[in-house]
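Reading the structure
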Amino acid sequence: MFKRSLPHRTAAAGLVSLTLLLSGCGTAGVLGAATRTPGTAFDAEATKSLTKGLSRVHEALFARLDKDSNRAIDEYEAGPTMSMDDFRKADKNRNNKLTFTEFKTYAITNMFFFRDTPAAFANRLRSGLSRAFSRLDVSPRDGLLVKNETSNRDMARLGLTFEYPRLGVTVKLTKVSAEAFGAADKTGDGKLGQAEFEDLYIELVVEALGGTPGGGTPPAPPAPPAPEDPAAPPAPPAEDPAGAPPAPPAQPAPPSTPGRRR
């Protein structure tokens, strides 16, 4: 088994890691020449893409913890997953709620990258994914993946797994749908290169976590209520559906005068 994990802190801090498990990957694969060209802009662009992808993973994790979908995680929602020590440290404004920004900032700096930089972690993750890519790329071994090289049997045999122990997350990636494969195929040639496979991996993780709100838009913090001005005049009465102002109250009819008898 090939296991790639981040260096962890002291035992007092607990074991915190993000692990990429690739079952049966004890031997390193060799990527085809068409997969990447070392020393070019590929590395920088791929690192940037993976870093953005990991941000999407945190969006999905936030949505997963935000049970009532109010765009904030309170201590009751965090309790089953986060330690209260982590929760309090992440809660920078001490209001007993975590916004997406608070959650992501703390997760990345304290529960995800450790002493790594995002770029260094992305490079380590890419190294693990390149092994997975190489194991799938068998027929023909040309540095590109076609759909039948990502069959359910192949994916189950690969044992590709995303783990986030500090948040109690373990995701096993055993299926690649035709829709997911097609979405990752940015060039539209029916094949995936290394960078496209990395994007596919991120999307499979996000989907397994339950997806992201708004298709990838980070959840915004709830807007504060507008303050009331005590000096403001009272609001006028509402108009009827037709837009007409309310009718004035009816005036009482004048008393009738008895008629004269002839």
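Report follows, based on the coordinates. (Residues numbered from 1 in each chain as written. Predicted model: local features only at pLDDT ≥ 70, side-chain atom pairs only at ≥ 80, totals over all residues. Heavy atoms only, no water.)

1. Some points on the overall build of the protein
In terms of helices and strands, the protein carries 8 helices and 6 strands. For the protein, the share of sequence-separated contacts (at least 6 apart) that also reach a separation of at least 24 residues comes to 65%. In the structure as shown, the protein presents an accessible area of about 15,300 Å², 56% of it carried by carbon and sulfur atoms. (Helix = DSSP H or I, 4+ residues; strand = E, 2+ residues; numbered from the N terminus. Contact = heavy atoms within 4.5 Å. Areas by Shrake-Rupley, 256 points an atom, 1.4 Å probe, with all protein chains shown as cover.)

2. Concerning unusual backbone geometry
In this model, Arg-94 sits at a positive phi of 55 degrees, which is unusual for a non-glycine residue. Structurally, the position occupied by Arg-94 is in the loop between α3 (84-90) and β4 (97-98). In the Ramachandran plot, Asn-96 falls in the positive-phi region, its phi being about 65 degrees despite a non-glycine side chain. Take Asn-96: it is sitting in the loop between α3 and β4. By relative accessible area, which is 48% here, Asn-96 ends up partly exposed. (Buried < 20%, exposed > 50% of the residue type's maximum accessible area, 1.4 Å probe, protein only.)

3. Section: the layout of surface pockets
Considered as a void within the structure, the largest pocket measures approximately 150 Å³ in volume. Contributing to the lining of the largest pocket are Ala-180, Ala-183, Ala-184, Lys-186, Asp-199, Leu-200, Glu-203, Leu-204 and Glu-207. At the level of secondary structure, the elements contributing two or more residues to the lining of the largest pocket comprise α7 (178-184) and α8 (194-208). Element by element, the count of residues in the lining of the largest pocket is highest for α8, at 5 residues. Taken together, the residues of the lining of the largest pocket break down into 5 nonpolar, no polar and 4 charged. (1 Å grid on protein atoms, 1.4 Å probe; cavity = no way out; pocket = protein on both sides within 12 Å on 5 of 7 lines; lining within 4 Å. Points joined across faces, edges and corners; volume = space filled by probe spheres on them. Nonpolar A, V, L, I, M, F, W, Y, C, P; charged D, E, K, R; others polar.)

4. Remarks on the pairing of strand β5 (residues 160-164)
In the case of a regular strand, side chains alternate between the two sheet surfaces. Within β5, 5 of the 5 residues are buried, which leaves it mostly tucked inside the rest of the structure. With burial as the criterion, each face of β5 is covered, one bearing Leu-160, Phe-162 and Tyr-164 and the other bearing Thr-161 and Glu-163. Two elements, β5 and strand β6 (residues 169-173), share 5 bridges in a ladder whose sense is antiparallel. Residue pairing for β6: Tyr-164 is matched across the bridge by Val-169. Counted between consecutive antiparallel strands, the loop separating β5 from β6 contains 4 residues, among which Gly-168 sits at a positive phi close to 65 degrees. (Pairing = 2+ DSSP bridges.)

5. Quick look at the packing of aromatic side chains
Per the stated rule, a full pass over the model turns up 3 aromatic pairs. Plain terms: the ring middles of Phe-62 and Phe-100 are 5.5 Å apart, the flat faces sit at 90 degrees to each other, and that makes the pair edge-to-face. Here Phe-62 is found in helix α1 (residues 41-65), whereas its partner Phe-100 is found in helix α4 (residues 100-112), with 38 residues between them in sequence. Assigned by exposure class, Phe-62 and Phe-100 land together as buried. (Phe/Tyr/Trp six-rings, centres within 6.5 Å; stacked < 30°, edge-to-face > 60°.)

6. Remarks on the environment of Glu-77
By the element assignment, Glu-77 lies in helix α2 (residues 75-78). For the pair Glu-77 and Lys-97, spaced 20 residues apart in sequence, the C-alpha to C-alpha distance is 9.6 Å. Residues contacting Glu-77, with those up to four places away along its chain left out, are Leu-65, Asp-66, Lys-67, Asp-68 and Ala-72. Of note is the side chain of Glu-77, whose polar atom sits 3.0 Å from the backbone nitrogen of Lys-67. (Polar contact = N/O pair within 3.5 Å; in protein donor to acceptor, adjacent residues only side chain to side chain.)

7. Brief notes about the side chain of Thr-161
Along the polypeptide, Thr-161 turns up in strand β5. From its side chain, Thr-161 meets the backbone oxygen of Gly-159 in a polar contact 3.2 Å long.

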